[in-house]
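The chain contents come next:
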Amino acid sequence: MAFSSESSNQAEWAAKEPVLRAVRLSHFYGQRVGCAGVSLDLWPGEVLGIVGESGSGKSTLLRCLSGWQEPSQGRVQIRREGEVLDLYALEESVRRRLLRTQIGVVFQRAEEGVRMRVSAGGNIGERLMAEGMRHYGRLRESARRWMERVELDPARLDDLPCTYSGGMLQRLQIAKNLVTEPRLLFLDEPTTGLDVSVQARLLDLLRRLVREMNLSVVMVTHDLAVARVLAHRLLVMMGGQVVEEGLMDRVLDDPQHPYTQLLVSSRLVA
Amino acid sequence: MSRTPGLTVPNRSTEGGYARGGALKGLPGYNFAFLDEVTKRMIRRTLLKAVAIPGHQIPFASREMPLPYGWGTGGIQITASIIGPDDVLKVIDQGADDTTNAVSIRSFFRKTAGVATTTRTGEATVIQTRHRIPEQPLREDQILVYQVPIPEPLRFIEPREEECGKVHAWADYGIMYVKLYEDVARTGRIATTFDYPVVVNGRYVMSPSPIPKFDTPKMHRMPALQLFGAGREKRIYAVPPYTDVKPLDFEDVPFEIERWSRCCALCGATEHYLDEIVTDDVGGRRFVCSDSDACAQRRAKAARDLSGNS
């Protein structure tokens, strides 16, 4: 949608530029290392998986990339309609606007991403209202449409999220984030804690939305099976650093780094 | 205000222009209107700032007052800072002049400032109010002082003070609409009936204090100066005369005020804000004006008309 008004020439040119670029990103918690010296590019329409065990710095990296945590060192650049914006050099008010129009973040714990005391419709409409929509009927119409798009029953529009199941909450988070049609989506362990059939349907939904909306996605997961289903490319993290990077099937089927080999071999097979 | 610092040492006892000639009537041992002159000047400076930025909450060093928080410590400090010996003070509580709070604040200023007090809206120059705006339209030469319990309109949506500050600074008020949306989604209309959030001068979202939304339209372009004091929260804000005050609403769900199917049981008014009063324990009830002065005036006029006609 960002390229629709201009010539295909520009679309072609834009495809050659990453939508997101991290340059030597480091974040420290006092003496402890969250992530250290991570550089990465995310390309239009790409799903980048970040795998690693608990405490390897995945979530810290995701928070830094998605604008929620200013890194101790390094830069995060976002490309928007041909201009490159340095995320943490922007004034905070500008960054916030950018975050809610260009970026979506789906958290593992839905409580972090959803207002539990506000109805599903209010949650989905929140970004639209922040962007100035002041028409109740249109807000509801958008919310209803998005409930359908993420396969939630529109009859539950006025229900509070605390009455939703875990899988429904993740769908609600996705709807809430995608309602402003951002180009970047960050997923933090989106399927953890869901049972396998719910996981499978959620992954299907995500894959469909990524294709339909031409989203670029960074997904953090410890579950290699989820990475295999969704990711095009993988980063393997250990101790805050990227130890291996490559196409998803190359990394999973021919792991090079000893840690990646360990990770792949310790996967449970049902 | 334009005194050059260092040239003259202000004489505390004669400052403020009230004490000249020793004609001041007040309580012996106390300064005029209870507060000391330095505190009054601090509050007046805050008021000037508040008037300059309509609807913006200005912090001030709120003092302990001889009444509990929640009884109007903010309003009373503003009144004490602006009142002069020639002023006529009216105090209302929920519209009524004869409630405990109103009576005691009136007597407080009668004692400490020796000012005249009144219950007539038209005669007052300063009106301190809790939770109502008088029915009789106010004039340019009057000042309305509101008692405010919670000055932050975002308080129940965003608990973090720092975040509230950012929302105001960037006029990023989308979150206020989430609350309105929830109201409409749950009840089919905007269910907020008091302390209805307003936008002042097209910029700041402001709490009008817990006045019924019936009174909200009266704030719009009011000829009188409106001052708001929150003693416990230590905030002062203001709406200068003839300033735009617009309630928040949706394009397709407009702001509406309360309506009653009855009239006042005492004066028969239909255009006043009515209180519902339970009169017995078998479900009896009646509606009467909340503004006791407006009700009394209307009854007096009816009596005059009646005797004039007979």
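In this text, all values refer to a predicted model and were calculated from it rather than measured experimentally. (Residues numbered from 1 in each chain as written. Chains lettered and ligands numbered in written order. Predicted model: local features only at pLDDT ≥ 70, side-chain atom pairs only at ≥ 80, totals over all residues. Heavy atoms only, no water.)

Chemist: Can you lay out the overall build of chain B for me, pointing to particular residues and giving the numbers?
Modeler: A tally of helices and strands in chain B yields seven helices and 12 strands. A compact globule built from 310 residues should have a C-alpha radius of gyration of about 19 Å, and chain B, at 21 Å, falls within 12% of that. Seen through its C-alpha atoms, chain B measures out along the principal axes to roughly 65 × 60 × 35 Å. Of all 310 residues assigned to chain B, the portion counted as buried reaches 50%. (Helix = DSSP H or I, 4+ residues; strand = E, 2+ residues; numbered from the N terminus. Rg over C-alpha atoms; globule rule 2.2 N^0.38 Å. Buried < 20%, exposed > 50% of the residue type's maximum accessible area, 1.4 Å probe, protein only.)

Chemist: Residue-level account of the overall build of chain A, with values.
Modeler: Regarding its fold elements, chain A presents 11 helices and 10 strands. Computed over the C-alpha atoms, the radius of gyration of chain A is 18 Å, within 12% of the 18 Å expected from 2.2 N^0.38 for a compact globule of 270 residues. The buried share of chain A, taken over its 270 residues, is 52%. Expressed as a percentage of contacts within chain A between residues at least 6 apart in sequence, the contacts between residues at least 24 apart total 65%. With the model as given, the accessible surface of chain A reaches about 12400 Å², and the carbon-plus-sulfur share is 48%. Averaging the positions of the 35 positive and the 34 negative side-chain charges in chain A gives two centres separated by 4 Å. (Contact = heavy atoms within 4.5 Å. Areas by Shrake-Rupley, 256 points an atom, 1.4 Å probe, with all protein chains shown as cover. Lys, Arg positive; Asp, Glu negative; His and termini not counted. Charge placed at Lys NZ, Arg CZ, Asp CG, Glu CD.)

Chemist: Summarise helix H4 (residues 161-169) of chain B; cite the residues concerned and give the values.
Modeler: Listing the buried residues of H4(B) in full gives B:Glu163, B:Cys164, B:Lys166, B:Val167 and B:His168. Buried residues along H4(B) sit in contact with helix H3 (92-102) of chain A together with strand S7 (204-206) of chain B. In the segment just after H4(B), B:Ala171 is the residue with positive phi, at about 50 degrees.

Chemist: How would you explain the domain arrangement of chain B if you had to name every residue and give the values?
Modeler: Residues and elements named next belong to chain B. Domain parsing of chain B yields domain 1 (26-154 + 185-247) and domain 2 (259-310). Here the C-alpha centre of domain 2 lies 26 Å away from the C-alpha centre of domain 1. Both faces considered, domain 1 and domain 2 share a buried interface measuring about 920 Å² in area, 46% of it formed by carbon and sulfur atoms. For the pair domain 1 and domain 2, the interface holds zero salt bridges. (Domains from an automatic or database assignment. Buried area = accessible area lost by both parts, 1.4 Å probe. Salt bridge = Lys/Arg side-chain N within 4 Å of Asp/Glu carboxyl O.)

Chemist: Let's hear about the confidence of the model for chain A: which residues, and what values?
Modeler: Residue and element names in this part refer to chain A. Model confidence for chain A is summarised by a mean pLDDT of 89, while 93% of its residues fall at 70 or above. Per-element averaging of pLDDT across chain A places helix H1 (residues 8-15) at the bottom with 51 and helix H6 (residues 136-149) at the top with 96. Scored below 50 in pLDDT, residues 1-10 makes six contacts in the model with residues more than four places away or belonging to other chains. (pLDDT = per-residue confidence, 0-100.)

Chemist: Run through the pairing of strand S10 (residues 241-247) of chain A, naming residues and quoting values.
Modeler: Within a regular strand, side chains alternate between the sheet's two faces. Residue and element names in this part refer to chain A. Relative to S10, strand S9 (residues 233-238) runs antiparallel, the two sharing six bridges. Looking at the pairing, Leu234 lines up with Gly246 of S10. If you look at the hairpin formed by S9 and S10, you'll find two residues sitting between the two strands, and Gly239 has a positive phi there, around 55 degrees. (Pairing = 2+ DSSP bridges.)

Chemist: Break down the packing of aromatic side chains for me, citing the residues and quoting the values.
Modeler: Within this structure, the stated rule accounts for 13 aromatic pairs over all chains. With a centroid separation of 5.0 Å and an interplanar angle of 90 degrees, the aromatic rings of B:Trp260 and B:Tyr273 are classed as edge-to-face. Placement of the pair is B:Trp260 in the loop between strand S10 (245-247) and strand S11 (274-278) and B:Tyr273 in the loop between S10 and S11, with a sequence separation of 13 residues. Judged by its relative accessible area of 18%, B:Tyr273 is buried. Of the aromatic side chains, those joined through ring pairs into one cluster are A:Tyr136, B:Tyr177, B:Tyr181 and B:Phe250. The ring of B:Tyr204 is capped by B:Arg203, whose NZ or CZ atom sits 4.2 Å from the centre of that ring. (Phe/Tyr/Trp six-rings, centres within 6.5 Å; stacked < 30°, edge-to-face > 60°. Lys NZ or Arg CZ within 6 Å of the ring centre and 35° of its normal.)

Chemist: With reference to specific residues and values, describe the side chain of A:Lys58.
Modeler: Residue and element names in this part refer to chain A. Among the structural elements, Lys58 can be located in helix H2 (residues 58-65). Overall, the relative accessible area of 5% leaves Lys58 in the buried class. Only 2.7 Å separates the side chain of Lys58 from the backbone oxygen of Gly52, close enough to count as a polar contact. Excluding residues that lie within four positions of it along the chain, Lys58 makes contacts with Ile50, Val51, Gly52, Glu53, Glu189, Val220, Thr221, His222 and Met237. (Polar contact = N/O pair within 3.5 Å; in protein donor to acceptor, adjacent residues only side chain to side chain.)

Chemist: So what's going on with the state of the cysteines? Which residues, and what values?
Modeler: Under the counting rule described, the total for this entry stands at zero disulfides over all chains. A:Cys35 forms no disulfide, and the closest cysteine sulfur to it belongs to A:Cys64, at a distance of 4.8 Å. (Disulfide = S-S within 2.5 Å.)

Chemist: Run through the interface of chain B and chain A, naming residues and quoting values.
Modeler: Listed as interface residues are 18 residues of chain B and, on the opposing side, 22 residues of chain A. In total, about 1900 Å² of surface goes out of reach between chain B and chain A, with carbon and sulfur atoms giving 55% of it. Across the pair A:Glu92 and B:Lys166 runs a salt bridge whose closest N-O atoms are separated by 2.9 Å. Viewed at the interface, chain A and chain B are joined by 12 residue pairs in polar contact (both at pLDDT 80 or more). When residues of the side of chain B that touches chain A are assigned to their parent elements, the largest contribution, nine residues, is made by helix H5 (residues 174-187) of chain B. Here the side of chain B that touches chain A is composed, by residue class, of 10 nonpolar, one polar and seven charged. (Nonpolar A, V, L, I, M, F, W, Y, C, P; charged D, E, K, R; others polar.)

Chemist: Quick one: what's the story with the sheet that holds strand S4 (residues 73-80) of chain A, residue by residue and with numbers?
Modeler: Residues and elements named next belong to chain A. Pairing is antiparallel across the open sheet formed by four strands, whose spatial order is S2-S1-S4-S5. Edge strands, defined here as strands with exactly one partner in the open sheet, are strand S2 (32-42) and strand S5 (83-86). For this sheet, the mean inter-axis angle between neighbouring strands, taken without regard to orientation, is 20 degrees. The pairing of strand S1 (residues 20-29) with S2 spans seven bridges and is antiparallel. Note on S2: the bridge partner recorded for Tyr29 is Arg32. Against the sheet, H2 makes contact with S1, S2 and S4, and its axis sits at roughly 125 degrees relative to S1, the strand it touches most. (Axes fitted to C-alpha atoms, helices over the stretch in contact; angles between N-to-C directions.)

Chemist: Go over unusual backbone geometry with me, naming the residues and quoting the values.
Modeler: Residue and element names in this part refer to chain A. Phi is positive for Glu181, which is not a glycine, with a value near 50 degrees. Given the relative accessible area of 38%, Glu181 is considered partly exposed. Within the chain, Asn214 stands out as a residue other than glycine whose phi angle is a positive 50 degrees.

Chemist: Describe in detail the UniProt feature "domain: ABC transporter" (unreviewed entry) in chain A, supporting the description with residues and values.
Modeler: As annotated by UniProt and renumbered to match this structure, "domain: ABC transporter" (unreviewed entry) occupies residues 20-264 of chain A. Taken end to end, residues 20-264 of chain A comprises 40% helix and 27% strand; its first and last C-alpha atoms sit 28 Å apart. (UniProt positions renumbered as here; feature names shortened; annotations may be inferred.)

Chemist: Give me the environment of B:Val239: which residues, what numbers.
Modeler: Residue and element names in this part refer to chain B. Note on placement: Val239 falls in strand S9 (residues 235-239). Residue Val239 is classed as buried on the basis of its relative accessible area, which comes to 0%. Distance from Val239 to Arg139, taken between C-alpha atoms, is 14 Å for residues 100 residues apart in sequence. Setting aside chain neighbours within four positions, we find Val239 in contact with Val200, Met206, Ala224, Leu225, Gln226, Phe228 and Val245.

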